[in-house]
Amino acid sequence: QGLWKSTDQGGTWAKINTGAGSNLLDQGRLWTLAIDPFNHNTLWTSSGYGAGGPLKSTDAGVSWTRMPVGSPTQYNDVYSIQLVPYTPDHVLLAWHSAWTTDDSNSGVTESSDGGRSWTNHQPPKGSSWGAGNAAWFLDNSHTWLLGSQNGGIWRTSDSGASWTMVRNQNITHGGINALLHGPGSGVFF
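Since this is a predicted model, take the numbers as computed values, not measurements.

When you go through the protein chain residue by residue, the secondary structure sums to one helix and 16 strands. Per-residue burial for the protein chain yields a buried fraction of 48% across its 189 residues. Long-range contacts, defined here as pairs at least 24 residues apart, represent 40% of the contacts in the protein chain between residues at least 6 apart. Accessible area for the protein chain stands at about 9000 Å²; split by element, carbon and sulfur atoms hold 49% of it.

Within the element layout of this structure, Asn 120 appears in strand S10 (residues 119–121). Put simply, Asn 120 and Leu 92 are 28 residues apart on the chain and 9.9 Å apart in space, counted from C-alpha to C-alpha. Each residue touching Asn 120, except ones within four places of it in the same chain, is listed here: Val 69, Ser 71, Pro 72, Thr 73, Trp 99, Val 108 and Thr 109. A polar contact of 2.6 Å, which involves the side chain of Asn 120, links it to the side chain of Thr 109.

Our next topic: the nonpolar core. Counting twelve residues, the largest nonpolar core consists of Ala 34, Trp 44, Met 67, Val 69, Val 78, Ile 81, Leu 83, Val 91, Leu 93, Trp 95, Trp 99 and Trp 118. At the level of elements, strand S7 (78–83) and strand S8 (91–95) are the ones that each hand at least two residues to this core. In this view, Trp 99 contacts Pro 72, Thr 73, Asn 105, Ser 106, Gly 107, Val 108, Thr 109, Asn 120, His 121 and Gln 122; residues no more than four positions away in its chain are not counted. Counting residues in hydrophobic clusters, the runner-up holds eleven residues, among them Leu 92, Trp 129, Ala 135 and Trp 144.

On to empty space enclosed by the protein, then. Summed over the entire model, instances satisfying the criterion amount to one cavity of 30 Å³ or more. Quantified by volume, the largest cavity comes out at close to 30 Å³. Considering the residues around the largest cavity, the lining is formed by Asp 36, Pro 37, Phe 38, Trp 44, Leu 83, Val 84, Thr 87, Asp 89, His 90 and Val 91. Of the residues that constitute the lining of the largest cavity, the class distribution is six nonpolar, two polar and two charged.

Here strand S11 (residues 134–137) shows two buried faces, one formed by Ala 134 and Trp 136 and the other by Ala 135 and Phe 137. Across four bridges, the pairing between S11 and strand S12 (residues 144–147) is antiparallel. Each residue of the ladder has a partner; that of Ala 134, found in S12, is Gly 147. The loop that links S11 with its antiparallel partner S12 comprises six residues.

Now for the pairing of S7. Most of S7 is tucked away: five of the six residues are buried. Sheet topology note: the S7/S8 ladder contains five bridges and is antiparallel. Of the residues in S8, the one forming a bridge with Val 78 is Trp 95.

Criteria and cut-off values
Residues numbered from 1 in each chain as written. Predicted model: local features only at pLDDT ≥ 70, side-chain atom pairs only at ≥ 80, totals over all residues. Heavy atoms only, no water. Helix = DSSP H or I, 4+ residues; strand = E, 2+ residues; numbered from the N terminus. Buried < 20%, exposed > 50% of the residue type's maximum accessible area, 1.4 Å probe, protein only. Contact = heavy atoms within 4.5 Å. Areas by Shrake-Rupley, 256 points an atom, 1.4 Å probe, with all protein chains shown as cover. Polar contact = N/O pair within 3.5 Å; in protein donor to acceptor, adjacent residues only side chain to side chain. Core = buried A, V, L, I, M, F, W, Y, C linked by side-chain atoms within 4.5 Å. 1 Å grid on protein atoms, 1.4 Å probe; cavity = no way out; pocket = protein on both sides within 12 Å on 5 of 7 lines; lining within 4 Å. Points joined across faces, edges and corners; volume = space filled by probe spheres on them. Nonpolar A, V, L, I, M, F, W, Y, C, P; charged D, E, K, R; others polar. Pairing = 2+ DSSP bridges.

Take a look at the structure:
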């Protein structure tokens, strides 16, 4: 386990999480990795079935700190982390476990200050998002896409205040990296 880096196009690899908090990465599976577009020494990940997340490094992956989100996301079971390329320190989290009041869905969690504080956005009533979801920023800081394993693909243009289903097809289990977005292009792959 852990985070490994190659500087010779994959010829050799070195484990880089060797500092304080490195055991947080070694405990589980790194489901997601995000590099801050404004500071490439800042990395975010989660350790599935281990320390959970979100986990943050400000020294290029050597040392790591858990960035607690708090209630109701008591499990710290982060599945997807996205950093917005338009605004520094803007982070979106989607979850592997349910945490809403109905105990069968999870919403989207947002930080605008690099993880010092968080806002939980509940899924729309009756959406049946379930858990194991992924979220992506679109062409600005307040327009997002959410892919759920149970309730289709949803879009918000007001930072999670309201949502519209844009496709009734679900993402697959493990499909959190199934969409790639070309910033500014409106194109998804």
